[in-house]
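Listed here are the chains, written in short residue letters.
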Amino acid sequence: VDTLLVNSPSMNKDVQVVVVTPDAALGKKAVACPVIYLLHGYGGNARSWVQLKPELPQMADEKGIIFVCPDGKNSWYWDSPLNKEYRYETFVSKELVNYIDKNFTTKAERGGRAVTGLSMGGHGSLWLSIRHKDVFGGGGSMSGGLDIRPFPNNWEMKKQLGEEASNKQRWDEHTVINQLDKIKNGDLAVIIDCGCDDFFLEVNKAVHEKLLKKKINHDFIIRPGGHTGRYWNNAIDYQILFFSKFFNKSK
């Protein structure tokens, strides 16, 4: 488990990133491994996932997967139209991917890359994978805020987008549920899950319904639980299994 500082030319700063590397990707006999980018939620940081799921290093070894956990601040993983210091869409989808492919033994193609996350990071991972399906072959979400518009005053979103009431179009353009027209069936391996007691359950169901209407294959899971660490500690196992199958199919 390495904690790195990765330079972001677009934001003109270094971003902390935690990388969990399997033994298979190290040493002289290193084999190219697929990568799952794991995005944290609001108030989290680069270390959130290794704290939430201490077994990640063992899972990396078992599955032969590299896990990359960037610090996304409270950015919602957008390139903020208001704040030039928040260009996390560009950072994760281009700058970080390029850095990881250059410095680690990765399967450097979309069939070897997926991105998932929790809450704000669930929104971020679908936002990034749908908009950059040439980069990521899979996108997942755990308890994701997949439609931001019912929550105009929460989680500093208006710092990135402005007040919802006077910037309706911008909010419409920056919510995942309105990005689904960018994909068709087969473009992306998609898995979405949410707890039945989660305040984001209704927006997750709405995305699921829209995907069904568009006839886009995806996994959709509702299981007992709320917006909690215990839920995500369990949910990540299923996401990793889903993406392992996707990576094996893409070989």
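Residues numbered from 1 in each chain as written. Predicted model: local features only at pLDDT ≥ 70, side-chain atom pairs only at ≥ 80, totals over all residues. Heavy atoms only, no water.

Comments concerning the overall build of the chain
The helix and strand inventory of the chain stands at eight helices and eight strands. What you see for the chain is a C-alpha radius of gyration of 17 Å, in line with the 18 Å of a compact globule of 251 residues. Principal-axis analysis of the C-alpha atoms places the extent of the chain at approximately 55 × 40 × 35 Å. Sorting the 251 residues of the chain into buried and exposed places 56% on the buried side. (Helix = DSSP H or I, 4+ residues; strand = E, 2+ residues; numbered from the N terminus. Rg over C-alpha atoms; globule rule 2.2 N^0.38 Å. Buried < 20%, exposed > 50% of the residue type's maximum accessible area, 1.4 Å probe, protein only.)

As for the packing of aromatic side chains
Considering all chains together, one arrives at 12 aromatic pairs under this definition. When the centroid spacing of 5.1 Å and the interplanar angle of 90 degrees are considered together, the rings of F151 and F200 count as edge-to-face. Residue F151 is located in the loop between β6 (138-142) and α5 (157-161), and its partner F200 is located in the loop between β7 (189-195) and α7 (201-213); the two are separated by 49 residues in the primary sequence. The class for F200 is buried, based on a relative accessible area of 2%. Between W155 and F199, the aromatic rings sit 5.9 Å apart at their centres with planes inclined by 20 degrees, giving stacked as the arrangement. With a gap of 44 residues between them, W155 in the loop between β6 and α5 and F199 in the loop between β7 and α7 connect regions that are remote in the sequence. For F199, a relative accessible area of 46% puts it in the partly exposed group. Among the aromatic residues, those joined into a ring-pair cluster are W76, W78, F151, W155, F199 and F200. Its end group placed over the ring of Y86, K13 keeps NZ or CZ at 5.7 Å from the ring centre. (Phe/Tyr/Trp six-rings, centres within 6.5 Å; stacked < 30°, edge-to-face > 60°. Lys NZ or Arg CZ within 6 Å of the ring centre and 35° of its normal.)

Some details on helix α8 (residues 229-249)
In this model, α8 (21 residues) spans 30 Å end to end at C-alpha, consistent with the 30 Å of a helix rising 1.5 Å per residue. Among the residues of α8, those classed as buried are Y231, W232, A235, I236, Q239, I240, F242, F243, S244, F246 and F247. (Expected span 1.5 Å × (residues − 1).)

Considering the nonpolar core
Among the nonpolar cores identified, the biggest contains 50 residues, and Y37, V68 and F91 are the most heavily contacted of them. Counting residues per element, this core draws most heavily on helix α3 (residues 88-103), at six residues. Sequence-distant contacts of Y37, defined by excluding residues within four places in its chain, comprise V68, L96, V97, I100, R113, A114, V115, T116 and F136. W49, A60, L118 and W232 belong to the second largest nonpolar core, which has 27 residues in total. (Core = buried A, V, L, I, M, F, W, Y, C linked by side-chain atoms within 4.5 Å. Contact = heavy atoms within 4.5 Å.)

Some remarks on the packing of α3 against helix α4 (residues 120-131)
For any two helices packed against each other, the geometry comes down to the angle between their axes and how far apart the axes lie. α4 packs onto α3 with a crossing angle of 60 degrees between their chain directions and a minimal axis gap of 11 Å. Judged on the interaxial angle alone, α4 and α3 are oblique. The interaxial crossing formed by α3 with α4 has right-handed handedness. Mapping the contact onto sequence places E89, V92 and S93 in α3 and W127, L128 and R131 in α4. Along the lines of polarity and charge, the residues of the contact of α3 with α4 split into three nonpolar, one polar and two charged. (Axes fitted to C-alpha atoms, helices over the stretch in contact; angles between N-to-C directions. Parallel < 35°, antiparallel > 145°, perpendicular 65-115°, else oblique. Left-handed = near helix turned anticlockwise from the far one by under 90°. Nonpolar A, V, L, I, M, F, W, Y, C, P; charged D, E, K, R; others polar.)

Brief notes about the pairing of strand β8 (residues 219-223)
The pairing of β7 with β8 spans five bridges and is parallel. By the bridge assignment for β8, I192 is matched with F220. After leaving β7, the chain enters α7 and then returns to the sheet as β8, a path that is right-handed. (Pairing = 2+ DSSP bridges. Right-handed = clockwise from strand over helix to strand, strands pointing away.)

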